[in-house]
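Descriptive analysis of the structure
The primary structure of each chain is shown beneath.
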Amino acid sequence: MRALCSRLPLVYHAKYSFEPWPAAHRFRMSKFVDLHDHLLGRGIATKEQLHAPIDDPPDEWFTAVHDADYYFGFTDGTLPAPAMRRIGFEWSAQLVERTRLECAGTVLAARLALEHGLACNLGGGTHHAHRDFGSGFTILNDLAVSARYVQNTGLAARVLIVDLDVHQGDGTASIFASDPTVYTLSFHCGKNFPFRKSRSDLDIDLPPGTSDDAYLARLADVLPRVLQVAEPDLVLYDAGVDVAAVDTLGYLDLSDDGIYQRDEYVLRTCRAAGLPVATVIGGGYCTDLDELASRHAIVFRAAQAVWERG
Ligand SMILES: [Zn+2]
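Residues numbered from 1 in each chain as written. Predicted model: local features only at pLDDT ≥ 70, side-chain atom pairs only at ≥ 80, totals over all residues. Heavy atoms only, no water.

The next thing to look at is unusual backbone geometry. Cis rather than trans, the peptide bond between glutamate 19 and proline 20 has omega equal to -5°. Its location among the elements puts proline 20 in the loop between β1 (10-11) and α1 (31-41). Of the consecutive residues phenylalanine 193 and proline 194, the connecting peptide bond is found in the cis state with omega at -5°. Residues other than glycine seldom take positive phi values, yet phenylalanine 137 does so here, at roughly 65°. (Helix = DSSP H or I, 4+ residues; strand = E, 2+ residues; numbered from the N terminus.)

Structure below.
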């Protein structure tokens, strides 16, 4: 398979980011194009590595996971105002388009990972999206949509979702709560949003201030056991960088080097077990956009290193 694709596959669509966007919003809508420009500008990636998701993903991908009234309410712009407030974004047709494209990007990354072993989406990680409501800047759950897509198309039977964003993957956990074919693992800080947690297959609730050594030791203790229990055909990895000490929302204390070690460990361990992995960027909150792009680039640097080692 490697001969068919000599470069690490990356997934990106120019419409992941759009303007205008409120300058003071905590969620930086430009971060996707900023990440793209950072990866290409610094030589971390080349444009030959980029794959674009389809422009018009079918509604069935989404209604396989989400309640139809909620999904079409969002796409039609008829969700009640409180539902949009809970999401934290103002509705627009551009928001609908980029949200659907971002999910299609994770679907494509999952397909490419199954073909080539590893693939990375320059977006995704919308893990607070539940079956029939969105929250915490997430609307449609790309991880859940992708897991269902690979199952429904017969590409994979069992999926493991490794969610290392600082916030619990409550939407993903609730969607798959009674589904033994999708295993959900969430490392998070209990003091962070959401304040009412869902139950993942395994939740690792870390205390505020947890730093590199303690975090990495816990991960090295947990991940190999989870791989054995979950027996996945595919791993979806949410590499949220809001675990950074300097993140404006997260309460954990990882350094950028610690995040690199985390990402490299997850990818190396899964690949050593012969498992395909698709990565998504997850959360990251920082007023300095260059700094945020370079932090989201960490998982791409780690993936490139693991890819080159084969
Ligand atoms: Zn987060």
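UniProt feature "domain: Histone deacetylase" (unreviewed entry): in the numbering of this structure it lies at residues 27-288. As a span, residues 27-288 carries 42% helix and 13% strand, and end to end its C-alpha atoms are 12 Å apart. (UniProt positions renumbered as here; feature names shortened; annotations may be inferred.)

Bringing the coordination of the zinc ion into the picture now. For the zinc ion, the protein coordination sphere consists of Asp165 (OD), Asp165 (OD), His167 (ND1) and Asp242 (OD), at 1.9 to 2.8 Å. For the zinc ion, the 4 donor atoms are set out with angles of 52 to 153° between them, so the coordination reads as irregular. Counting along the primary sequence, the residues that act as donors to the zinc ion give the motif D-x1-H-x74-D. In this pair, histidine 167 sits in the loop between β4 (159-163) and α7 (170-175) while aspartate 242 sits in the loop between β7 (234-238) and α9 (256-272), placing the two residues 75 residues apart along the sequence. Each member of the pair, histidine 167 together with aspartate 242, is buried. (Donors = N, O, S within 2.8 Å, 3.2 Å for Na, K, Ca; no water. Tetrahedral: all angles 85-135°; square planar, octahedral: opposite > 155°, others 65-115°. Buried < 20%, exposed > 50% of the residue type's maximum accessible area, 1.4 Å probe, protein only.)

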